[in-house]
Amino acid sequence: MVRRLGRVLIVLLSLGVLGAIAAGAGGLVLFYHFGRGLPDYHQLADYQPPVTTRVHAGDGRLVAEYATEKRVFVPVTSMPQHVLDAFLSAEDKNFYSHYGVDPVGVVRAVVVNLRNWGANRRPVGASTITQQVAKNFLLGNEVSLARKVREMILAFRIERAFSKEHILELYLNEIYLGIGSYGVASAALNYFDKSLDELTIGEAAFLAALPKAPNNYHPQRFPEAAKVRRDWAVDRMREDGAITQAEADQAKAESIRMRARPETIYAKGADYFAEEVRRQLAKRYGEDALYKGGLSVRTSLDPRLQDIADRALRAGLIAYDRRHGWRGPLARIDVRQADWPNRLAHAPRPGGLDPWEPAVVLAVSDQAAEIGFVDASRGRIPFVEMRWARPTLDDQLVGPPPKTPAEVLAVGDVVAVEPVAADAEGKPYPSRSFALRQIPKVEGALVALDPHTGRVLALSGGYAYAKSQFNRATQAARQPGSSFKPFIYQAALDQGYAPSTLILDAPFVLDQGPGLPKWRPQNYSNEFFGPSTMRLGIEKSRNLMTVRLAQTIGMDKVAEYANRFGITKDLQQVLSMSLGAGETAPLSLTTAYAMLVNGGRKITPTLIDRIQDRRGKTIYRHDQRPCEGCLASFWTNQPVPHIPDNREFVTDPLSAYQMVSMLQGVVERGTGTAIAQVGKPLAGKTGTSNDFRDAWFLGFSPDLAVGVFVGFDDPLTLGSRETGGAVAAPIFRDFMKEALKDKPAIPFRIPAGIHLVRVSVKSGQLAKPGDRDIILEAFKPNQTPGEGPVLQGIGLAAEDRPDGAPVAGGLY
């Protein structure tokens, strides 16, 4: 009996050994079959996930973010322990004891799946954090037994190749946690506006509860489900000993409150600025680095000045648009049915409408128009708030003022309106009163920059980015008109001419060649004033004086200065170019003016101060000047570091100041007197191109250069008498008035070598007792008032001279 029992045991043992061998062989075959062709897991050693590129203003506020996946990478060594504990308890409590696969978890998953067999439920997995890394990085989300086996094989291999800390770092920075959040650090910001070390235990547990189905536990859409899931994660942490019972109770008592990131961290209204930065980053580093590289970009943007620029440009364009009449409603709808609010909601909504509201006209009386809104509420437009709406005619002309609301609006018109509380005289309106508004068709640009560094402080490229993404500050090529003249005079000053040099202001004719008409430029006033100083030529923007001066110094010299100041390359060397017939962009021309006020030093305009890569290494810096001692860790009474000024000169500093003084005269006595009411030392120049197509004002204070351009994109005429002084100068004035508010009135800096002499503003001669209109004129050494002959140019033929006198050459 005993012997027979022994034989049975031997047989069973043999069968067991054979079974084990067979199982092992089967396992080897299985691993060999599914292990072939698996992705290379060694790539995880150099993990560089797509990380958000962030663009910041000069004061640190956020301007824009660019990403395919919004992620903030944080090393696992920098993550607080309670965040790590929350994810380990919720996802893989045996993480530090298994070798990639958790056998206990596998058995538990098998039991649950057998229990749910036939219940049409998604199978429950037993994936460890290592398996999830293999799935997320290397395999994908296919639900199949084959993928699960490959996942397990990769998990074993990953565990052998990398440390537990590296695997956990991969997982916590890659996992998707809802609302566009990739990685735990991004989720902490998007859900709670906190960094990881600011999270409470309850908040960390909530994030740890999200990986399985983040959209099902959104705190605002599904608050109960979110709390239940969060409390489950808290209980797991308590069961694992990561927190105490008191900490668990406190965490479960917390409400889950999402916190939006405060508005104070954003620099609003910088859409054109941000897009130009994005374009430059993409050009410099490529699209992948922009959207996945995690660059940190510090820009030159001043949010305060940007806000002022946006408001000043918008107000100026609206003011021009109102002067040129009413173009009609945005759309028309049928308001006879009760569903008119729904029809209004689906009416076309043009870009640039904000902050105004769309409304539909429901009735028109003799004194007002009754209007309705999308929410079915009602209001009224008093007739006084639509009196500006004269009918538009060709060439920006307008018809007669309306006499009744019915001449402006009709029932069914969809229009833009803005709430108003009182009329222009301050008399209160009834509640729910609105003013009629119109989105301007005209466009423009405003640029403000630091003239000493070239840092662009504000840039508005149009009326509204939502209306048009074309950036007129950097992309538009427009004729500068008379705003180009200072650079012709600057070239003459560098050649020894003085502000008091006399130039003949008289008719001028150019023979353009056989078969071509003669060119006869005119002054804007169609008047001639005889010999006049260079200063008056700039202050009064005299075309004929400018052409004579350009012809005298040579158009090759004019083209050289246009290139030297960065206005335009390869300027055509014909005399019409001296009146601003070439093309340039507002940013380029503003930079050129900045080089006048900074003493003639070359600057390069920049929107970007510094760029750092994802590891914090500086890979670009605009200011390349060396600075020994700037990186000192402590202040130990060492001397202040000296930073050399290595900028090259584009013009003589003394000539530059003479031009600044002449442009200051434009504001005080010339075409830019609208600027004088700012009450601070300012200088600048108006510009208007042929047929009033482009209106400019370029100018500066001692430490701020600003350029304003207004024109249609087509381009069309702005209308008769819509000059730079009438259209662009008021925008410049309003910007400077607010930008320089509470700033001291700093005079323009006078370089050594300049001497100021009292002269007559009209003749440029030394002032005499009893003379009026006396100014202090700027002269270089060896220059004296009234020296030299009148610059007359070269004459044409006797029959073309007003006096009939014969002269030589082709000009007069």
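As the structure is a computational prediction, the values presented were derived from the model and not from experiment. (Residues numbered from 1 in each chain as written. Predicted model: local features only at pLDDT ≥ 70, side-chain atom pairs only at ≥ 80, totals over all residues. Heavy atoms only, no water.)

## What to know about the overall build of the protein
Short version of the rule: Helix numbering and strand numbering both begin at the N terminus, where a helix is a DSSP run of H or I of at least 4 residues and a strand a DSSP run of E of at least 2. A 1.4 Å probe rolled over the protein chains alone gives each residue an accessible area, and that area as a share of the maximum for its type sets the label: buried under 20%, exposed over 50%, partly exposed in between. Whether two residues touch is decided by their heavy atoms; if any such pair falls within 4.5 Å, the residues are in contact. Under the convention used here, a 1.4 Å probe and the Shrake-Rupley method define accessible areas, while residue burial counts only the protein chains that appear.
When helices and strands are tallied, the protein shows 21 helices and 20 strands. For the protein, buried positions account for 49% of its 812 residues. Once local pairs closer than 6 in sequence are excluded, the contacts in the protein between residues at least 24 apart make up 68%. With an accessible surface of roughly 38900 Å², the protein has 54% of that area assigned to carbon and sulfur atoms.

## Section: the sheet that holds strand β1 (residues 53–56)
The cut-off we apply is this: Here a strand pair is declared whenever DSSP counts at least two bridges between the two strands. Here an angle of 0 to 180 degrees is reported between the N-to-C directions of two axes, which are lines fitted to C-alpha atoms, with helices fitted over the stretch in contact.
As summarised here, the arrangement of the five strands in space is β2-β1-β3-β14-β15, forming an open sheet in which the pairing is mixed. The sheet terminates laterally at β2 (62–66) and β15 (618–621), the two strands that pair on one side only. Direction aside, the axes of adjacent strands within the sheet are offset by 15° on average. Two strands pair when backbone bridges link them, and strand β14 (residues 608–612) and β15 are joined in this way by three bridges, in the antiparallel orientation. Directly across from Q612, in β15, lies its bridge partner T618.

## A word on the side chain of T686
Stated precisely, the cut-off is as follows: Polar contacts, as used here, are pairs of N or O atoms within 3.5 Å; protein pairs need one atom able to donate a hydrogen and one able to accept it. Residues neighboring in sequence count only if both atoms are side-chain atoms.
When you line up the elements, T686 lands in strand β16 (residues 683–688). Judged by relative accessible area, which is 6%, T686 ranks as buried. Among the polar contacts made by the side chain of T686, one reaches the side chain of K685 at a distance of 3.5 Å. Residues within four places of T686 in sequence aside, it is in contact with S482, S483, T671, G672, W696, F697, G724 and G725.

## Concerning helix α13 (residues 303–323)
Applied cut-off: A helix is expected to span 1.5 Å multiplied by its residue count minus one.
Between its first and last C-alpha, α13 extends 31 Å over 21 residues, near the 30 Å set by a 1.5 Å rise per residue. Where α13 begins, one side-chain oxygen reaches toward the backbone nitrogen of R304, 3.0 Å away; that side chain belongs to D302. Once α13 ends, the next one or two residues include G325, with phi positive near 90°.

## As for the sheet that holds strand β10 (residues 443–449)
Strand order in this open sheet of five strands is β11-β10-β18-β17-β16, and the pairing throughout is antiparallel. Looking at which strands have only one partner, the edges of the open sheet turn out to be β11 (456–460) and β16. Between one strand axis and the next, the sheet turns by 5° as a mean value, whatever way the strands run. Of the strands in this sheet, β16 and β17 (695–701) touch helix α20 (residues 653–669), which is tilted by about 70° from β16.

## Some details on the pairing of β17
For β17, the tally of buried residues reaches seven of seven residues, placing the bulk of the element in the interior. Along β17, one buried face is formed by A695, F697, G699 and S701 and the opposite face, lined by W696, L698 and F700, is buried too. Relative to β17, β16 runs antiparallel, the two being bridged by six bridges. The partner of T688 across the bridge, within β17, is A695. Linking β16 to β17, which pair antiparallel, is a turn of six residues; within it D691 sits at a positive phi near 60°. Of the strand pairs in this sheet, β17 and strand β18 (residues 704–711) are connected by seven bridges, and their pairing is antiparallel. Paired with L698 across the bridge in β18 is G707. Where β17 folds back on β18, the antiparallel hairpin that results is connected by two residues.

## Brief notes about the pattern of salt bridges
To be explicit about the condition: Within this document, salt bridges are pairs made up of a side-chain nitrogen of Lys or Arg and a carboxyl oxygen of Asp or Glu, the two lying within 4 Å of each other.
For the structure on display, the rule yields 43 salt bridges. The partner of E65 in a salt bridge is K70, and the shortest N-O contact between them spans 3.8 Å. Looking at K70, the relative accessible area reads 40%, which means it is partly exposed. When the shortest N-O distance is used, the salt bridge between E203 and K194 registers 3.0 Å. Relative accessible area serves as the criterion here: at 7%, E203 is assigned to the buried category. Several salt bridges share partner residues, and in doing so they unite R535, E539, E668, R669 and E777 into one network.

## Here we look at empty space enclosed by the protein
Put simply, the rule reads: A pocket, in this scheme, is an open set of points on a 1 Å grid over the protein atoms alone with protein on both sides within 12 Å along at least 5 of 7 lines, while a cavity is a set where a 1.4 Å probe fits but cannot get out; residues line either one if an atom lies within 4 Å of a point. Grid points are joined across faces, edges and corners, and a volume is the space filled by probe spheres set on the points. Residues are grouped as follows: Ala, Val, Leu, Ile, Met, Phe, Trp, Tyr, Cys and Pro are nonpolar; Asp, Glu, Lys and Arg are charged; all remaining types, including Gly, are polar.
Enumeration according to the criterion identifies three cavities of 30 Å³ or more in this entry. Each pocket or cavity is described by its volume, and for the largest cavity that value is around 50 Å³. Lining the largest cavity, in full, are P480, F484, I567, T568, L571, G580, G582, E583 and T584. Considered class by class, the residues forming the lining of the largest cavity number four nonpolar, four polar and one charged. In this structure, the second largest cavity is lined by I318, D321, R322, W388, L436, R437 and Q438. With three residues, α13 is the single largest residue contributor to the lining of the second largest cavity. For the lining of the second largest cavity, the residue count by class is three nonpolar, one polar and three charged.

## Description of the layout of surface pockets
The gaps of empty space that remain are located by a probe, the size of a water molecule, rolled over the atoms. In this model, the second largest pocket occupies a volume close to 910 Å³. Lining of the second largest pocket is provided by 32 residues; of these, S482, N523, Y524, N543 and T688 occupy positions nearest its centre. Those elements that provide at least two residues to the lining of the second largest pocket are β16 and α21 (724–739). Sort the elements by how many residues they give to the lining of the second largest pocket and β16 lands first, with four residues. The residue inventory of the lining of the second largest pocket, partitioned by class, reads seven nonpolar, 20 polar and five charged.

## Regarding helix α7 (residues 184–192)
An α-helical segment advances 3.6 residues per turn. Residues three or four places apart therefore align on the same side. With seven of nine residues buried, α7 lies mostly within the body of the structure. Looking only at α7, the buried set comprises V184, A185, S186, A187, A188, Y191 and F192. The elements touched by buried residues of α7 are α2 (81–91), α6 (164–174) and α8 (201–208). Once α7 finishes, D193 follows within two positions and takes phi at roughly 55°, a positive value.

## Thoughts on the packing of aromatic side chains
What counts is decided by this rule: Aromatic pairs are defined between Phe, Tyr and Trp rings, using the six-membered ring for Trp, whenever the two ring centres lie within 6.5 Å; interplanar angles under 30 degrees are classed as stacked, those over 60 as edge-to-face, and all others as tilted.
Applying the stated criterion across every chain yields a total of 20 aromatic pairs. Centroid distance F87 to Y171: 6.4 Å. Interplanar angle 75°. Geometry classified as edge-to-face. Of this pair, F87 sits in helix α2 while Y171 sits in helix α6, placing them 84 residues apart in sequence. An identical accessibility class is assigned to F87 and Y171; each is buried. Look at Y176 and Y182: their rings are 4.8 Å apart centre to centre, the planes differ by 50°, and that puts the pair in the tilted class. Overall, the relative accessible area of 31% leaves Y176 in the partly exposed class.

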